[in-house]
Amino acid sequence: MDTAAKTNPTIITIFGGSGDLTWRKLIPALYNLYLDHWLNDQFRIICTGRSEISNDVFIQKLKDGIDKFSRRGKAKEAEWEAFAKYIEYQKADFTQVDFYNQLKKEITQFENDAKCPLNKIFYMAVPPQFFETIAERIGDAGLADDKIHSRLVIEKPFGTDLESAKKLNAALLNIFEETQLYRIDHYLGKETVQNILAFRFANALFEPIWNRNFIDHIQITVAEKIGIEDRGSYYEHSGIIRDMIQNHLLQLVCLMAMEPPVSFNPDEVRNKKVDVLHAIRKIKKEDVHDFAVRGQYGEGWLEGEKVKGYRQETSVDPDSTTPTFAAVKFFIDNWRWSGVPFYVRSGKRMQQSISVITIEFKPVPHQSFPTEAIQNWQPNRMVLNLQPDMGIRLRFQAKKPGLQMQLTPVDMLFNYHDTYASTGTPEGYETLLLDVIEGDATLFMRADQVEAAWELIMPILSTWEDNPSINFPNYAAGSYGPEGAETLIAKDGHNWVVMPFEKPVHE
Ligand code: BG6
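Heads up: these notes are all about the structure in this document.

What follows is about the overall build of the chain. From N to C terminus, the chain includes 14 helices and 18 strands. Its C-alpha radius of gyration of 24 Å places the chain within 12% of the 23 Å reference for a compact globule of 507 residues. Seen through its principal axes, the chain has C-alpha atoms that stretch 80 × 55 × 45 Å. Relative to its 507 residues, the chain shows a buried fraction of 55%. Here the contacts in the chain between residues at least 6 apart in sequence split such that 79% fall between residues at least 24 apart. If you sum the accessible surface of the chain, you get close to 22,500 Å²; carbon and sulfur atoms cover 51% of it. Across the chain, the centroid of the 56 positively charged side chains sits 2 Å from that of the 70 negatively charged ones.

Right, here's the structure in full:
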């Protein structure tokens, strides 16, 4: 990797600096960028938070975070000490105007010392109720005026429905230009998710068959073993549709379904993605039960341990009707995808943690082999494993060695870890933070994308909220979700396919 051309001088202010995201994701990502020499020597991180902690204690906590969460493992003492010099903790009430005036002074001083334009990055790692206030204060202090170098990074959730997302967009766009806004969907920073673009558009082989003539249907599963942990109060108001489907899963649908971009210009890529969202058929409220299934986990067993049901989790209403699982069937009404179902599902407390996209191809038009030969026949499938193991698998039929003609499915595998064993794979946040520093918004959500995604899922959300489920909990922790999800796909003659990566099939 040639990192000789370093990034510009940069100052990052993290609001919510003493919170979980900073500790688990942001500082480990910045530390790895530092170790890989991406950061300019003139770099500074100001973490602001409400907690009363000394700088030393704060830095020690960040180091513990590196030891625990960094992909490189434990920090080396000298390297950490050199990096820690860039970080400062400031206890602050970020609703107060004074704080921003002080920040402005510091940033101006830093910029004067840098003797060149300084990237001024403001990262909102705070609960969403603070987004507007912080943005306003930044604007009032004149910190958003540099339309090229001042950038605002916003974590999800971006709104709680279409209306609130529009309101938030309007408020932010009153202060910042769209080009200054970086709405994060961390899935877009994942290596394997970015690889979907490489796979589709850097190879001549797949694009001609990437359409309704050859593809029968596409499935996307993002299953998580974890429950809602200590996030009960957030999750009760969110649920799976807001937490996963509106953002991560719809973004995966966009990447799978978009037209080839003319270039990797940020707006060109985002235009192509938003075209997909516009083409997805809006599910009518009266049809929601035919297209979407919800679930909530009850108690169950995971890896030999008994685990609680959702309603028994901390800060969760014992009669909660919040869904922790959803499966939805989408249709994309355009020339490429007409009639091809896209099934997506996601859930907490599922049997395994796995994110996988399966493309199932149409059967051969005429089966020439005798019935005995095709007893093990399976459709051609391409499986993109996103996590935990990263790779691509193509399943096709081969003749089993022997005197008789017998067909069996076999796999061709591309395994990321084996192929790139010597190259460390950056975490999603590394990619995304570097993009913010470099001013590349391709992997970030534009206002119209966020709104189009909300618009699509609003009928599901409102139908479910108007008619709370009387069957919850309806799946056991440690299972693959409610039976209804199997029925949703089975009634079209299919079944969910999850092929863990480590076991190639040679039947
Ligand atoms: C977050 C959700 O956006 O994504 C979490 O809020 C979820 O509920 C997480 O666990 C999943 O991300 P990853 O990277 O672990 O797949």
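To continue, consider helix H2 (residues 55–69). Its 15 residues give H2 an end-to-end C-alpha distance of 21 Å, which sits within 8% of 21 Å, the value for a rise of 1.5 Å per residue. For H2, the complete set of buried residues consists of Phe-58, Ile-59, Leu-62, Lys-63, Gly-65 and Ile-66. Buried residues of H2, seen end-on, are gathered within an arc of 155 degrees and therefore sit on one face of the element. With respect to the buried face of H2, the exposed residues turned more than 90 degrees away are Asp-56 and Lys-68.

The next point concerns the packing of aromatic side chains. One pass over the full model with this rule turns up 28 aromatic pairs. Arranged with centres 6.2 Å apart and planes meeting at 80 degrees, the rings of Phe-15 and Phe-99 form a pair that is edge-to-face. With Phe-15 in strand S1 (residues 10–15) and Phe-99 in helix H4 (residues 97–114), this pair connects stretches of sequence that are 84 residues apart. Exposure remark for Phe-99: the relative accessible area of 9% places this residue in the buried category. The ring of Phe-94 has Arg-50 lying over it, and the distance from NZ or CZ to the ring centre is 5.2 Å. Directly above the ring of Tyr-187 sits Lys-190, whose terminal nitrogen or CZ lies 4.6 Å from the centroid.

The next point concerns the side chain of Gln-296. For Gln-296, the location among the structural elements is in the loop between strand S8 (292–295) and strand S9 (297–298). Once residues lying within four places of it in the same chain are set aside, the contact partners of Gln-296 are Tyr-310, Arg-311, Ser-320, Thr-321, Thr-322, Thr-324, Phe-472, Pro-473, Asn-474 and Tyr-475.

The next point concerns the site of the ligand. Every residue near the ligand is listed here: Lys-156, His-186, Tyr-187, Lys-190, Glu-224, Ile-226, Arg-231, Asp-243, Met-244, His-248, Lys-348 and Gln-387. Here an oxygen atom of the ligand and a side-chain polar atom of Lys-156 are 2.7 Å apart. Side-chain polar atom of Gln-387 to an oxygen atom of the ligand: 2.7 Å apart, as the coordinates give it. With 3 residues, helix H8 (residues 232–257) is the largest single contributor of residues to the shell around the ligand.

What follows is about the sheet that holds strand S3 (residues 87–91). Read from one edge of the open sheet, 6 strands run S3-S2-S1-S4-S5-S6, paired in parallel fashion. Of all the strands in the sheet, the pair left with one neighbour each is S3 and strand S6 (181–183). On average, each strand axis in the sheet is inclined to that of its neighbour by 20 degrees, with strand direction left out of account.

With the rule as written, the count across this model stands at 33 salt bridges. With a shortest N-O distance of 2.8 Å, Arg-336 and Glu-207 are connected by a salt bridge. Placement of the pair is Arg-336 in the loop between strand S12 (325–331) and strand S13 (341–347) and Glu-207 in the loop between helix H7 (191–201) and strand S7 (215–223), with a sequence separation of 129 residues. Across the pair, Glu-207 and Arg-336 agree in class, each one buried. The partner of Arg-281 in a salt bridge is Asp-333, and the shortest N-O contact between them spans 2.9 Å. With Arg-281 in the loop between helix H9 (266–279) and helix H10 (288–291) and Asp-333 in the loop between S12 and S13, this residue pair connects regions lying 52 residues apart in the sequence. Taken together, the shared-partner salt bridges in this structure form one network comprising Asp-36, Arg-71, Arg-72 and Glu-430.

This next bit is on the packing of H8 against H9. At a minimum axis distance of 9 Å, the contact between H8 and H9 shows a crossing angle of 110 degrees. When the axes of H8 and H9 are compared, the pair comes out roughly perpendicular. Counting all contacts with H8, which are made through Leu-250, Gln-251, Val-253, Cys-254, Leu-255 and Ala-257, the residues of H9 involved are Lys-273, Val-276 and Leu-277. Taken together, the residues of the contact of H8 with H9 break down into 7 nonpolar, 1 polar and 1 charged.

The rules behind these values
- Residues numbered from 1 in each chain as written.
- Predicted model: local features only at pLDDT ≥ 70, side-chain atom pairs only at ≥ 80, totals over all residues.
- Heavy atoms only, no water.
- Helix = DSSP H or I, 4+ residues; strand = E, 2+ residues; numbered from the N terminus.
- Rg over C-alpha atoms; globule rule 2.2 N^0.38 Å.
- Buried < 20%, exposed > 50% of the residue type's maximum accessible area, 1.4 Å probe, protein only.
- Contact = heavy atoms within 4.5 Å.
- Areas by Shrake-Rupley, 256 points an atom, 1.4 Å probe, with all protein chains shown as cover.
- Lys, Arg positive; Asp, Glu negative; His and termini not counted.
- Charge placed at Lys NZ, Arg CZ, Asp CG, Glu CD.
- Expected span 1.5 Å × (residues − 1).
- Arc of directions from axis to C-beta.
- Phe/Tyr/Trp six-rings, centres within 6.5 Å; stacked < 30°, edge-to-face > 60°.
- Lys NZ or Arg CZ within 6 Å of the ring centre and 35° of its normal.
- Near = heavy atom within 4 Å.
- Polar contact = N/O pair within 3.5 Å; in protein donor to acceptor, adjacent residues only side chain to side chain.
- Pairing = 2+ DSSP bridges.
- Axes fitted to C-alpha atoms, helices over the stretch in contact; angles between N-to-C directions.
- Salt bridge = Lys/Arg side-chain N within 4 Å of Asp/Glu carboxyl O.
- Parallel < 35°, antiparallel > 145°, perpendicular 65-115°, else oblique.
- Nonpolar A, V, L, I, M, F, W, Y, C, P; charged D, E, K, R; others polar.

By themselves, these observations are geometric and do not establish any function.
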